[in-house]
Amino acid sequence: MDRATIRSRLVEIVGSDGVLDDPEELLVYEYDASDEVFAGHHRPDFAVLPRTAEQVSAVVRLANEFGIPVVPRGAGTGLAGGALALRGGIVVVVTRMNRILEVNEQDGYAIVEPGVINLELTQALQPRGYFFAPDPASQRACTIGGNVGNNSGGPHCLKYGVTTNHILGLEVVLPDGERIWTGGPVPETPGVDLTGVLVGSEGTLGIVTKVMVRLTRLPEAVSVLLAAFPNIESASHATSAIIAAGMLPAALEMMDQLTIKAVEDAFHAGYPREAGAVLLVELDGLQEIVAENTSRVAELCRQHGAWEVRVARTKEERDLLWLGRKSAFGAMGRLAPNYYLVDTTVPRTKLPATMRRVEELSREYRLSIANVFHAGDGNLHPLVLFDRQRPGEVERVLECTTEILRYCVDAGGTLSGEHGIGFEKRDYMTLVFTTEDLCAMAGLKRSFDPRELFNPEKVLPTGFRCGEVAALRQQAIAQRLGLEYV
Ligand SMILES: Cc1cc2nc3c(=O)[nH]c(=O)nc-3n(C[C@H](O)[C@H](O)[C@H](O)COP(=O)(O)OP(=O)(O)OC[C@H]3O[C@@H](n4cnc5c(N)ncnc54)[C@H](O)[C@@H]3O)c2cc1C
């Protein structure tokens, strides 16, 4: 490709301040939030920062003309390598497209650009009595476009559902540069549900340039309760008991002892350090029902071994309890130089057995594992702590995390609860899908992107037999690190 020509054409489209190709400027776009050991770093040829959908469309047409790969990107907080430019090309960064274009309370939607930050959307809606329900722990940084790409979750998804349940329609630039609208403000639209196809497609089918989000009414009352348990097992039983009692908390989160200590050292959220596990339960709804359910949850926690149950009395106390949970990943730096975050889901009733298996694996592989997870959804996040400088640790982490994933899938779970498949987990797709399933997905991808230029190397595996593919992936990582893989 003629680099100078492409550069000047890009500058014509987005202006000179919207095209980056200097290696130092591109450095930040070589990564997302995945651990570098596993995802690597990949320099794009250009990072382009458009301000309008028309510009996005023109950039994509240009890329198509020259046969250059295109990678959509929001804030780059993804944990599966989804926004990495594995084959170089143009990374289209939508963070400058950050306007809230319309809020329509009568029809219950807002139209926003993809670069709007998740928390800022909720902050803008709150004075009108609404919020955007999906709330990833990264919500202070991640974008709505990235939430759509990853079909992101978050603590409140137990009651309110994940991103797909809150997207009514999308404006999308397709891989040939064409711009389309899918869905709309009415609940049912005829024809193929393209909005459903696009949400969670991880930027492999197009670039989202406008998002019609559902407005969710702020609840009348909210209560947050912290319960301290001797161990994860008792906290898991309490979780099942709460749901079995017919209550649906807005959020039901668990943290183990390692996490509690790290969070306390970093943020002083007031979690009891001696606890083997804490549950953070948020209940919302009508005042009277919230008050009654708070007492019922407290009682159930005590019945299952909680030795302390504390209900936040003020908004400040509630925020502090949540700060600890939402900052838990960040606190891991206090425990080890590196961590590898596993995102997987099991049926809720399998939580105690799964946590026992994670503990066994932690001993077997001599690796500390901290656990912080959306217990109500059965969505686990074992954080495997390691030091990449120590010989043999990276291989052990890889083997251990593969075992965790395998166990969860065998227990009836899935590969990812919310962070997506990206590059990082694509070779594990064969653990849950048959060749026929994967061929159907590949067919869909080809119908959107026949030249395979759009976010290439993501989500779909290149080979088809699971053992073989997982081993190849581990070999490739070992090779890159100059390690011997046995
Ligand atoms: C500390 C921390 C906590 C986290 N907690 C959670 C959590 O609780 N729940 C959760 O689900 N995730 C969580 N994440 C993961 C991540 O933050 C979310 O998945 C988030 O939605 C990604 O948004 P982003 O703007 O950073 O997207 P990016 O990382 O930039 O991109 C993510 C994917 O979406 C695609 N994409 C981005 N923008 C567009 C667009 N406009 N059109 C089409 N495709 C696009 C990309 O190609 C990529 O495949 C966490 C991450 C961190 C670092």
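What comes next concerns the included structure. Note that the coordinates shown come from a computational prediction; the quantities given were computed from them, not determined experimentally.

### Here's the deal with the sheet that holds strand 6 (residues 109–112)
Alright, step 1. Spatial strand order, 5-6-10-8-9: five strands in an open sheet with antiparallel pairing. The open sheet is flanked by strand 5 (100–104) and strand 9 (179–183), the only strands paired with a single partner. Across this sheet, the average inter-strand angle for adjacent strands is 15°, counted without regard to direction.
Alright, step 2. Sheet topology note: the strand 6/strand 10 (residues 207–214) ladder contains four bridges and is antiparallel. By the bridge assignment for strand 10, I111 is matched with M212.

### Concerning the packing of helix 14 (residues 351–364) against helix 15 (residues 393–410)
Alright, step 1. Between helix 14 and helix 15, whose axes approach to 10 Å, the crossing angle comes to 160°. Comparing their axes, helix 15 and helix 14 come out roughly antiparallel. Here the hand of the crossing between helix 14 and helix 15 comes out right-handed. From helix 14, A353, T354, R357, V358 and L361 reach across to helix 15, where they touch C400, E403, I404, Y407 and C408.
Alright, step 2. Residue composition of the contact of helix 14 with helix 15, by class: seven nonpolar, one polar and two charged.

### Notes on helix 16 (residues 435–448)
Alright, step 1. Compared with an ideal rise of 1.5 Å per residue, which puts 14 residues at 20 Å, helix 16 spans 20 Å between its outermost C-alpha atoms and is within 8% of the ideal.
Alright, step 2. Every buried residue of helix 16 is listed here: L438, K445 and F448. Angularly, the buried residues of helix 16 cover 75° about the axis, an arc narrow enough to put them on a single face. Exposed and oriented more than 90 degrees from the buried face of helix 16 are E436, A440 and S447.
Alright, step 3. Of the surrounding elements, those touching the buried residues of helix 16 are helix 8 (194–198).

### Points about unusual backbone geometry
Alright, step 1. Backbone geometry at E202 places phi at a positive 55°, although glycine is not the residue there.
Alright, step 2. Relative to the assigned elements, E202 resides in the loop between helix 8 and strand 10.
Alright, step 3. Judged by its relative accessible area of 10%, E202 is buried.
Alright, step 4. Even without a glycine there, the phi angle at V459 is positive, about 65°.
Alright, step 5. Along the chain, V459 falls in the loop between helix 16 and helix 17 (466–480).

### Considerations on the side chain of S236
Alright, step 1. Tracing the chain through its elements places S236 in helix 9 (residues 232–244).
Alright, step 2. Dropping the residues within four chain positions of it, S236 is found in contact with M254, L351 and P352.

Reading the values: rules and limits
Residues numbered from 1 in each chain as written. Predicted model: local features only at pLDDT ≥ 70, side-chain atom pairs only at ≥ 80, totals over all residues. Heavy atoms only, no water. Pairing = 2+ DSSP bridges. Helix = DSSP H or I, 4+ residues; strand = E, 2+ residues; numbered from the N terminus. Axes fitted to C-alpha atoms, helices over the stretch in contact; angles between N-to-C directions. Parallel < 35°, antiparallel > 145°, perpendicular 65-115°, else oblique. Left-handed = near helix turned anticlockwise from the far one by under 90°. Contact = heavy atoms within 4.5 Å. Nonpolar A, V, L, I, M, F, W, Y, C, P; charged D, E, K, R; others polar. Expected span 1.5 Å × (residues − 1). Buried < 20%, exposed > 50% of the residue type's maximum accessible area, 1.4 Å probe, protein only. Arc of directions from axis to C-beta.

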